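Listed below, chain by chain, are the residues.
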Amino acid sequence: YISPDGTFAVMEGRAKGRRDTDLFCSCKQADGKWTGPVEVPGVNTRANEGGPFITADGKFLLFTSNRRTGKDTAKNANLYLTRAKSLLEFCQRSR
């Protein structure tokens, strides 16, 4: 998912050697190129995180996770909300 202002993208994937899914972000640099994907700070757990969405005002990241249920099916996932500020700050530092 690309943020409303086009400065960062959030996607679901698997880190090398891991079975669970996590959220990764990539930041658009001043030259228009994107950084390599890195784990979203402060969000990922040993459970599955996925389905990222940034609100239209760019303030919040919504995502799903089965961290409370521990079951590997999507029907056992809950919806989580966190401030997207950490993503914006991360991208500003990576420019």
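Shown above is the structure to which this text applies.
Residues numbered from 1 in each chain as written. Predicted model: local features only at pLDDT ≥ 70, side-chain atom pairs only at ≥ 80, totals over all residues. Heavy atoms only, no water.

Participant: Whenever I open this one, the overall build of the protein confuses me. Can you help?
Facilitator: For the protein, the count of helices and strands is one helix and six strands. When its helices and strands are written in sequence order, the protein yields β-β-β-β-β-β-α. Out of the 95 residues in the protein, the part that is buried amounts to 37%. Taking the contacts inside the protein whose residues are at least 6 apart along the sequence as the reference set, 38% of them involve residues at least 24 apart. In the structure as shown, the protein presents an accessible area of about 6000 Å², 52% of it carried by carbon and sulfur atoms. (Helix = DSSP H or I, 4+ residues; strand = E, 2+ residues; numbered from the N terminus. Buried < 20%, exposed > 50% of the residue type's maximum accessible area, 1.4 Å probe, protein only. Contact = heavy atoms within 4.5 Å. Areas by Shrake-Rupley, 256 points an atom, 1.4 Å probe, with all protein chains shown as cover.)

Participant: I keep staring at the nonpolar core and nothing clicks. Help me out?
Facilitator: Generally speaking, nonpolar side chains in soluble globular proteins are found buried as a group. If you look at the biggest cluster of nonpolar residues, it comprises 13 residues, and the most contacted ones within it are V10, L23, V40, L61 and L87. Broken down by secondary-structure element, the contributors of at least two residues to this core are β1 (8–13), β2 (22–27), β5 (60–65) and α1 (85–94). Tallying contributions element by element places β2 first for this core, with three residues. Sequence-distant contacts of L87, that is, excluding residues within four places in its chain, are made with F8, V10, C25, V40, P41, I54 and L61. (Core = buried A, V, L, I, M, F, W, Y, C linked by side-chain atoms within 4.5 Å.)

Participant: How should the packing of aromatic side chains be read in this particular structure?
Facilitator: The tally for this structure, following the rule as stated, stands at two aromatic pairs. The interplanar angle of 50° and the centroid separation of 5.0 Å between the aromatic rings of Y1 and F53 together place this pair among those described as tilted. Of this pair, Y1 sits in the segment before β1 while F53 sits in strand β4 (residues 49–54), and the two are 52 residues apart along the sequence. Aromatic side chains F63 and Y80 sit 5.6 Å apart centroid to centroid with 20° between the ring planes, which places their arrangement in the stacked category. Placement of the pair is F63 in strand β5 and Y80 in strand β6 (residues 78–83), with a sequence separation of 17 residues. Residue classification places F63 among the buried residues on the basis of a relative accessible area of 3%. You can call Y80 buried: its relative accessible area is 16%. (Phe/Tyr/Trp six-rings, centres within 6.5 Å; stacked < 30°, edge-to-face > 60°.)

Function-wise, these values are silent; they only describe arrangement.
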